[in-house]
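Tertiary structure, described
Next come the chains, spelled out residue by residue.
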Amino acid sequence: MESKRKNVLHQVLSIRGMGQVVTVSAGLLVLCVIFGALNPNFYSGRNIANLLRQIAPFIIVGIGQSYVLITGNIDLSIGSVLGMSCMISATLMTKGVNPWAASLITMIACIMVGFINGGLVSGFKLPPFIATLGTMTVARGIAQLVNNNMNTDAIGESANGFRNFFYYGKTLSLYNTVWVALALWLVFNFILSQTKVGRHIYAIGSNIEAAKLSGVNTAVTTTIAYIVSAFCAGVTGLITCATGGLGTMDAGTSYELYAVAASVIGGVSTLGGQGILLGTIVGACVWGVMQNGLQFVGAPVALRNIVIGIIVIVSVLADVIVRSGKGKKSITRFLGVSLKIK
Amino acid sequence: MADYIVELLNVTKIFPGVKALDNVSFNLKAGEILALLGENGAGKSTLMKVLSGVYTKDSGLIKVFGEIVEGLTPKKAQDLGIAIIHQELNMCSHLSVAENIFLGREIVRNGILAQKEMNAEAKKILDSLSLDIDPETIVGTLPVSKQQMVEIAKALSTNAKILIMDEPTSALTAKEIEELFKIIRKLRDEGRGIVYISHRLEELRYIVDRVTILRDGQFIKTMDFKDTDMREIISLMVGRDIKEKYPRIECGVRKKIFEVKNLNAGRMVRNINLELYEGEIVGIAGLMGAGRTETSRAIFGADPKDSGEIWLHGRKVTINSPADAIREGIVVVPEDRKKYGLCTKLSIKNNISLPNLNRLIMFLGYINKKQENIMSQTAVDNLKIKLTSADANADSLSGGNQQKVVVGKWLANNSKIIIFDEPTRGIDVAAKVEIYNIMNQLKRQGIGVLFISSELPEILGISDRIIVMCDGRITGEMLASEATQDKILELATKFETKLA
Ligand SMILES: Nc1ncnc2c1ncn2[C@@H]1O[C@H](COP(=O)(O)OP(=O)(O)OP(=O)(O)O)[C@@H](O)[C@H]1O
Ligand SMILES: [Mg+2]
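Residues numbered from 1 in each chain as written. Chains lettered and ligands numbered in written order. Predicted model: local features only at pLDDT ≥ 70, side-chain atom pairs only at ≥ 80, totals over all residues. Heavy atoms only, no water.

When its secondary structure is counted, chain B shows 19 helices and 22 strands. Against the globule reference of 23 Å for 500 residues, chain B gives a C-alpha radius of gyration of 24 Å, in line with a compact fold. Along the first, second and third principal axes, the C-alpha atoms of chain B reach 70 × 55 × 50 Å. Looking at chain B residue by residue over its 500 residues, the buried ones come to 58%. Counting only carbon and sulfur atoms, one obtains 51% of the accessible surface of chain B, whose full area is about 20,900 Å². Charged side chains in chain B number 68 positive and 66 negative. The centres of these two groups are separated by 3 Å. (Helix = DSSP H or I, 4+ residues; strand = E, 2+ residues; numbered from the N terminus. Rg over C-alpha atoms; globule rule 2.2 N^0.38 Å. Buried < 20%, exposed > 50% of the residue type's maximum accessible area, 1.4 Å probe, protein only. Areas by Shrake-Rupley, 256 points an atom, 1.4 Å probe, with all protein chains shown as cover. Lys, Arg positive; Asp, Glu negative; His and termini not counted. Charge placed at Lys NZ, Arg CZ, Asp CG, Glu CD.)

Quick look at the structure:
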């Protein structure tokens, strides 16, 4: 019995990337304990439910960014695609289009941005940073354009079903937003970990030349990753629209970076080839808990930003040190090579 | 003839500025091992990349199993039954052994990867190679020689009828090579056609049936191996006779110039003591993974030392970084030139001048371009580096010429001690002799030469004194005149036998 349990534990831990997930989960627990001690209301059912709903968008954009990061690329257009999605869907709804039809049209537009990103990076071999910097600007421009450089009016009564589905409604005492995130996570985690496309995504990030020579269609696979990223950003845009009940032009600003943060805190490597989506969930939770917790204990915005930024650096640094076993070495090197640590 | 499984007719391939293949014809029969030989840059890899769909030919005809094929891609070549082991390792280091073996042709059941099945299949293939590797091991954690074996396993697993091996043995240990040869012979006896590319000409007699020779992108000759000899092969490859494969010069050992005392750096460098005298080349022999590279890196300051002293010309020197070492004139020509030796995205010229910029800098840090040109031209001339332009990227050169660039940048640095780590790996006979001559020339000038090599004939042929390492320790030392292959091998496996 004991040995069997050990075995299961061993198996779970031997899953690639699990080490970082376990460490970060422990960190997450510590954070929750600290915030709980500072303000016991942190644990109230209401706050927990709200907290999870706040975390959900980070999970979703994190999934998309993780896909792209694992291929060894980056997607800077996520925040703008989110904003574009929010504005297009809201504008259509205020013009009387059925909310679900509006959502569908919006998603098609978003996926097209993903397709263009993928094409620029894998087809035309543009550096991903530049390519998505460009589409980031264009997508934000589209967000501003669709309603003549104005935020939209309220999307109205007819959109109540839509708003319930993405934000206000609850199923089994969890907000629907959380369910949407979990459903997307299940699907995309399955694809990444169990299917050929997923395997090829890792292979490309690890060694694109080797993947190509093994017959992997690197262009198609890279494009798929970008489409997933844009899709996730699109869904998050719909959530944002449902949340506010209107379209805001600057919705999603900086979300591409939150998505990077959720991914790397959870152990996804920005150099590609490494990381699992379970980590991305944990990373998104850390991000969300920090935001919510610091707000809850009344920390000013400036302090929040500083603390959260440090968290990102520390969590990645911890990973680098643990993984390479070269902690001592890199620290000595950083502090000046002549320093002797006994 | 009908029994050719591959026929290449008048294939031409032009890269910007180089005619890599000029009307080359080539053929391969079922059930033979064909050695494709030629100097660095002769076009061997290019020809095989054309056949395996990596490069597209500019003109010519490709016939596989008698059928003309057009528009080859790596995938299409795979489907035709062509497998290639590339000269450079091509592994996804974050993926497992099994995942690498099945990359691009994963087994899928109902849309889901059949991981267990692939692991089991991989295990079978590894077993057939007598490789004791868990298929779930992450490839990046394996030593280079094992990675190379995995690469071979990957090619074999495709069950290809046509197998191309581009220098498969350059990173393998003697035992693994033996194992590989057994398998190659077995594959031949099953009726497969094998193209074997190697610069280790001593290997040929164990496996080869026929040789085809290229020079400067042109087909020179094909002949049965039994009808020829090394002399002829070499002179056809090089285009002239090579008098001596291991030219040795004597110049009398003089004063001590370099000493390493009690050097420790991690598990692979334990209590290393060595001395170097003016006018000698000291060879460091041992198997792959004996700690020789780690030792050179510790001396060079690339890895931190735990303890130990380094003395140069009777003076204790402090080396904590490569910059310190270079300032003192102690340099390393590293074994993995792509990873450690070259900035492949920089030009050849910039690579040569990189460690020597101090001497090129004028006022306000301005780099004297004229001096830089002269410096690079001198290196190119001295080492006979074959290139189209010194402004081309370093990775446009063939393997051997890349290696010469690495040597060139240190020669321009007026170094006092040069550690050569496997300098002839993947280098053709003529260029090998050039590298030996360079080492000899340095020895005559009083520059200390440490020569790390896994190829015993060259260690025996070139060094004056030989140090043997095993498992991070020095296990023996002898004069070259007293050394034999057996003596060295015994010392090189001193701790291995105990482990086994
Ligand atoms: N991708 C490339 N771009 C430009 N030039 C290339 C490229 N690949 C090879 N070449 C050039 O083509 C010629 C033939 O190179 P190739 O790699 O086929 O030589 P090789 O016979 O395999 O040499 P080695 O024994 O060193 O591996 C060389 O002059 C090389 O510089
Ligand atoms: Mg080659």
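What follows picks up the thread again.
Bringing the nonpolar core into the picture now. Residues and elements named next belong to chain A. Ranked by internal contacts, the top residues of the largest apolar core, which has 94 residues, are Ile63, Tyr67, Phe162 and Val289. For this core, the element with the highest residue contribution is helix 3 (residues 45-70), accounting for 12 residues. Contacts of Ile63, omitting those with residues within four sequence positions, involve Leu184, Trp185, Phe188, Cys232, Leu277 and Thr280. (Core = buried A, V, L, I, M, F, W, Y, C linked by side-chain atoms within 4.5 Å. Contact = heavy atoms within 4.5 Å.)

Residue and element names in this part refer to chain B. The immediate surroundings of ligand 1 are formed by 19 residues, with Asn40, Ser45, Thr46, His199 and Ser396 found nearest. In this structure, Asn40 approaches ligand 1 through a side-chain N or O atom, which is 2.7 Å from an oxygen atom. Gly41 is positioned with one of its backbone polar atoms (N or O) 2.8 Å from an oxygen atom of ligand 1. In isolation ligand 1 has 630 Å² of accessible area, and contact with the protein removes 83% of it. There are two domains that each give the shell around ligand 1 at least three residues, and those are domain 1 (4-238) and domain 2 (256-492). (Near = heavy atom within 4 Å. Polar contact = N/O pair within 3.5 Å; in protein donor to acceptor, adjacent residues only side chain to side chain. Domains from an automatic or database assignment.)

This next bit is on the packing of helix 3 of chain A against helix 11 (residues 218-244) of chain A. Residues and elements named next belong to chain A. The geometry of helix 3 relative to helix 11 is characterised by a closest axis approach of 7 Å and an angle of 165° between their N-to-C directions. Regarding the angle of helix 3 to helix 11, the classification is roughly antiparallel. Here the hand of the crossing between helix 3 and helix 11 comes out left-handed. Of helix 11, the residues touching helix 3 (which contributes Pro57, Ile60, Val61, Ile63, Gly64, Gln65, Tyr67 and Val68) are Ala225, Tyr226, Val228, Ser229, Cys232, Ala233, Val235, Thr236 and Ile239. Tallied by class, the residues present in the contact of helix 3 with helix 11 amount to 13 nonpolar, four polar and no charged. (Axes fitted to C-alpha atoms, helices over the stretch in contact; angles between N-to-C directions. Parallel < 35°, antiparallel > 145°, perpendicular 65-115°, else oblique. Left-handed = near helix turned anticlockwise from the far one by under 90°. Nonpolar A, V, L, I, M, F, W, Y, C, P; charged D, E, K, R; others polar.)

Residues and elements named next belong to chain B. Domain annotation of chain B identifies domain 1 (4-238) and domain 2 (256-492). Between the C-alpha centres of domain 1 and domain 2 the distance comes to 30 Å. For the domain 1 and domain 2 pair, buried surface summed over both sides reaches about 1,500 Å², with 54% attributable to carbon and sulfur atoms. On the domain 1 side of the interface with domain 2, the three residues burying the most area are Asn40, His199 and Arg200, jointly 33% of the side's total. Across the domain 1-domain 2 interface, the total number found is two salt bridges. A salt bridge links Arg200 to Glu455; the shortest N-O distance between them is 3.6 Å. Taken together, domain 1 and domain 2 are joined by four residue pairs in polar contact (both at pLDDT 80 or more). Counting residues per element, the side of domain 1 that touches domain 2 draws most heavily on helix 8 (residues 230-238), at three residues. Residues that form the side of domain 1 that touches domain 2 fall into these classes: seven nonpolar, eight polar and six charged. (Buried area = accessible area lost by both parts, 1.4 Å probe. Salt bridge = Lys/Arg side-chain N within 4 Å of Asp/Glu carboxyl O.)

With that out of the way, let us pick up the interface of chain A and chain B. One frequently used descriptor of interface size is the decrease in accessible area upon assembly of the parts. Counting from both sides, the interface comprises 27 residues of chain A and, opposite them, 27 residues of chain B. Carbon and sulfur atoms supply 57% of the area buried between chain A and chain B, which totals about 2,200 Å² over both sides. For the chain A face of the interface with chain B, the top three residues by lost area are Arg16(A), Arg199(A) and Leu213(A), together amounting to 30%. On the surface where chain A and chain B come into contact, there are one salt bridge. Here Arg199(A) ties to Glu99(B) by a salt bridge, and the two come within 3.2 Å at their closest N and O atoms. Where chain A meets chain B, there are nine residue pairs in polar contact (both at pLDDT 80 or more). Every element with two or more residues in the side of chain A that touches chain B is listed here: helix 8 (176-194), helix 9 (196-206), helix 10 (208-213) and helix 15 (327-335) of chain A. When residues in the side of chain A that touches chain B are grouped by element, the largest group, six residues, is from helix 9 of chain A.

Once that is clear, we can look at the layout of surface pockets. Residue and element names in this part refer to chain B. There is about 700 Å³ of room inside the second largest pocket. Lining the second largest pocket are 24 residues, and of these Ala174, Ile177, Arg200, Ser454 and Gln485 lie nearest its centre. Secondary structure elements with two or more residues in the lining of the second largest pocket: helix 6 (174-189), helix 7 (204-207), helix 17 (456-462) and helix 18 (485-492). With six residues, helix 6 is the single largest residue contributor to the lining of the second largest pocket. When its residues are assigned to classes, the lining of the second largest pocket shows 11 nonpolar, five polar and eight charged. Shared between two domains, the lining of the second largest pocket takes at least three residues from each, and those domains are domain 1 (4-238) and domain 2 (256-492). (1 Å grid on protein atoms, 1.4 Å probe; cavity = no way out; pocket = protein on both sides within 12 Å on 5 of 7 lines; lining within 4 Å. Points joined across faces, edges and corners; volume = space filled by probe spheres on them.)

Residue and element names in this part refer to chain B. At this site the magnesium ion (ligand 2) is bound by Ser45 (OG) and Gln87 (OE1), with donor distances of 1.9 to 2.2 Å. With a gap of 42 residues between them, Ser45 in helix 1 (residues 44-51) and Gln87 in the loop between strand 6 (82-85) and helix 3 (97-101) connect regions that are remote in the sequence. Overall, Ser45 belongs to the buried group, its relative accessible area being 18%. (Donors = N, O, S within 2.8 Å, 3.2 Å for Na, K, Ca; no water.)

Here Ser206(A) is to be found in helix 9. Look past the residues within four positions of Ser206(A) in its chain and what remains in contact with it is Gly273(A), Cys92(B), Ser93(B) and His94(B).

Right, let's get into the state of the cysteines. Residue and element names in this part refer to chain A. By the definition in use, this model includes zero disulfides over all chains. Free of any disulfide, Cys110 has its nearest cysteine sulfur in Cys86, 10 Å distant. A residue is classified by how much of its surface remains accessible, and Cys110, at 0% relative accessible area, is buried. (Disulfide = S-S within 2.5 Å.)

All names here are of chain B. Reading across the sheet, the six strands line up as 6-9-10-3-11-12 and stay open at both edges, with mixed pairing between neighbours. Looking along the sheet, the strands with just one partner apiece sit at the ends: strand 6 and strand 12 (218-224). Adjacent strand axes in the sheet meet at a mean angle of 15° when their direction is disregarded. The sheet contact formed by strand 6 and strand 9 (residues 162-166) spans four bridges and is parallel. In the strand pairing of strand 9, Ile82 is matched with Ile162. (Pairing = 2+ DSSP bridges.)

Residues and elements named next belong to chain B. Relative to strand 12, strand 11 (residues 210-215) is paired through six bridges, and the arrangement is antiparallel. Looking at the pairing, Arg215 lines up with Gln218 of strand 12. What sits between strand 11 and strand 12 in their antiparallel hairpin is a turn of two residues, with Asp216 showing a positive phi close to 50°.

Before going further, it helps to examine the packing of aromatic side chains. Applying the stated criterion across every chain yields a total of 20 aromatic pairs over all chains. Measuring from ring centre to ring centre gives 4.9 Å for Phe165(A) and Phe166(A), while their planes differ by 90°; the resulting arrangement is edge-to-face. Of the residues examined, Phe166(A) reaches a relative accessible area of 7% and is grouped as buried. Ring geometry for Tyr246(B) and Tyr436(B): centres 5.7 Å apart, planes at 45°, overall tilted. Of the two residues, Tyr246(B) sits in the loop between helix 8 and strand 13 (256-264) while Tyr436(B) sits in helix 16 (residues 429-444), which places them 190 residues apart along the sequence. The exposure class of Tyr436(B) is buried, given its relative accessible area of 1%. Directly above the aromatic system of Tyr167(A) lies the positively charged group of Arg53(A), at a separation of 3.9 Å from the ring centroid. (Phe/Tyr/Trp six-rings, centres within 6.5 Å; stacked < 30°, edge-to-face > 60°. Lys NZ or Arg CZ within 6 Å of the ring centre and 35° of its normal.)

Sheet strands line up and pair through hydrogen bonds in the backbone, either parallel or antiparallel. Residues and elements named next belong to chain B. In spatial order, the strands read 2-1-4-5; together these four strands make up an open sheet with antiparallel pairing. What marks the edges here is a single partner per strand, and that holds for strand 2 (18-29) and strand 5 (67-68). Judged from the five bridges that link them, strand 1 (residues 4-15) and strand 4 (residues 59-64) form a sheet pairing that is antiparallel. Bridge assignment links Thr12 to a residue of strand 4, and that residue is Ser59.

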